Amino acid sequence: ASAVREIRVVGVERLSEAEAAAALAPLEGRPLAGVLAADVGALLEPVVLVQSYSVERVPPSTLVVRIVERVPVGAVPADGGWSVRDAVGVELWRAGEPPADLPAIEAPGGPDSPGFAAAAGVSLALDPGLRERIATIRAASIDDVRLELRDGVTVVWGSAEDSDRKAEVLAALVQATGGAASHYDVSSPETPVSR
């Protein structure tokens, strides 16, 4: 049986291929046919950025591991710095400064609260280009979510329901006004308001 000589990692963005390959290095030299998804899973488990993975064997000696990364949706204050979280509140990494491409999430009750889940859902619904422009997502409750853009524009989002539709409407409004409005309200996405 042929041994694993090459491990190809596919699909990583924030995680470096080198880091993922290093985690999987113990599989090198093992018989290709004998490498199970569970073996890969055990090695990737400590790598918090990995949400899921799939394994493909390419004879004679290549193992291809496709990784789906957790998506960072925002940062919450933690110990004098910032903790970057995914949509379910898992901490992905710590930073000293608020990230320049992710919103800060303010929710009473922190990352385990319904408010955080609502804010995270809103962030996830935003197109990455728009998410980068958001300074803060404040969720006073699951029905009262507001966004503040880095240029000071405010957005009344309302409840976290229908967030995909609201994100589309907001993107269209921002484009239509050329970013000239200082206030958007997409809480009723069928009748959005900008001024």
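The structure we're discussing is the one just above.
First things first, this report covers the structure right here in the doc. Predicted model only: the values in this text are computed from it and were never measured.

### Some points on the overall build of the protein
Across its full length, the protein carries 5 helices and 12 strands. Over its C-alpha trace the protein gives a radius of gyration of 21 Å, far above what one expects of a compact globule, namely 16 Å for 195 residues. The buried share among the 195 residues of the protein stands at 42%. Within the protein, residue pairs in contact and separated by at least 24 positions form 45% of the contacts whose partners lie at least 6 positions apart. Of the accessible surface of the protein, which amounts to about 9800 Å², a share of 51% is contributed by carbon and sulfur atoms. Placing the 17 positive and 28 negative side-chain charges of the protein at their respective mean positions leaves the two points 2 Å apart.

### Thoughts on the layout of surface pockets
In this structure, the largest pocket occupies an estimated 290 Å³ of space. A class-by-class count of the residues in the lining of the largest pocket yields 4 nonpolar, 1 polar and 7 charged.

### Here we look at the nonpolar core
Val145, Leu147, Val155, Trp157, Leu170 and Tyr184 are the most contacted members of the largest nonpolar core, which has 29 residues in total. Residue assignment for this core shows that the elements contributing at least two residues are strand E4 (72-78), helix H3 (114-125), strand E8 (134-141), strand E9 (144-149), strand E10 (154-158) and helix H5 (163-176). If one sorts the elements of this core by residue count, H3 sits on top with 6 residues. With sequence-adjacent residues up to four places away left out, Val145 is seen in contact with Ala118, Val122, Ile137, Arg138, Ala139, Val155, Val156, Trp157 and Gly158. Core analysis: the next-biggest nonpolar cluster, separate from the first, contains 20 residues, Leu44, Val47, Val50 and Val65 among them.

Reading guide: rules and limits
- Numbering of residues starts from 1 in every chain and runs along the sequence as written.
- At least 70 in pLDDT is required for a residue's local features to be given in this predicted model, at least 80 for side-chain atom pairs to be given and counted, and no such filter applies to totals for whole chains, interfaces and linings, which use all residues.
- Excluded from the side-chain calculation are hydrogens and water; included are all heavy atoms of the structure.
- We count a stretch as a helix when DSSP gives it H or I for four or more residues in a row; a strand needs E for two or more, and each element gets its number in order from the N terminus.
- The quantity called the radius of gyration is restricted to C-alpha atoms. Its globule counterpart is 2.2 Å times the number of residues to the power 0.38.
- Only protein chains enter the accessibility calculation, which uses a 1.4 Å probe; a residue whose area is less than 20% of its type maximum is buried, one above 50% is exposed, and one in between is partly exposed.
- The contact definition used throughout considers only heavy atoms, calling two residues in contact when any of these lie within 4.5 Å.
- In this description, accessible areas are obtained by the Shrake-Rupley approach with a 1.4 Å probe, and a residue is regarded as covered only by the protein chains that are shown.
- This count recognises Lys and Arg as positive and Asp and Glu as negative, with His and chain-terminal groups excluded.
- Charge positions are represented by NZ for Lys, CZ for Arg, CG for Asp and CD for Glu.
- A cavity here means a set of 1 Å grid points, computed over protein atoms only, where a 1.4 Å probe fits but cannot escape. A pocket is an open set with protein on both sides within 12 Å along at least 5 of 7 lines, and lining residues have an atom within 4 Å of a point.
- Grid points are joined across faces, edges and corners, and a volume is the space filled by probe spheres set on the points.
- For this scheme, ten residues count as nonpolar: Ala, Val, Leu, Ile, Met, Phe, Trp, Tyr, Cys and Pro. Four count as charged, namely Asp, Glu, Lys and Arg, and the remainder, Gly too, count as polar.
- Buried Ala, Val, Leu, Ile, Met, Phe, Trp, Tyr and Cys residues that are joined via side-chain atoms within 4.5 Å together make up what is termed a nonpolar core.

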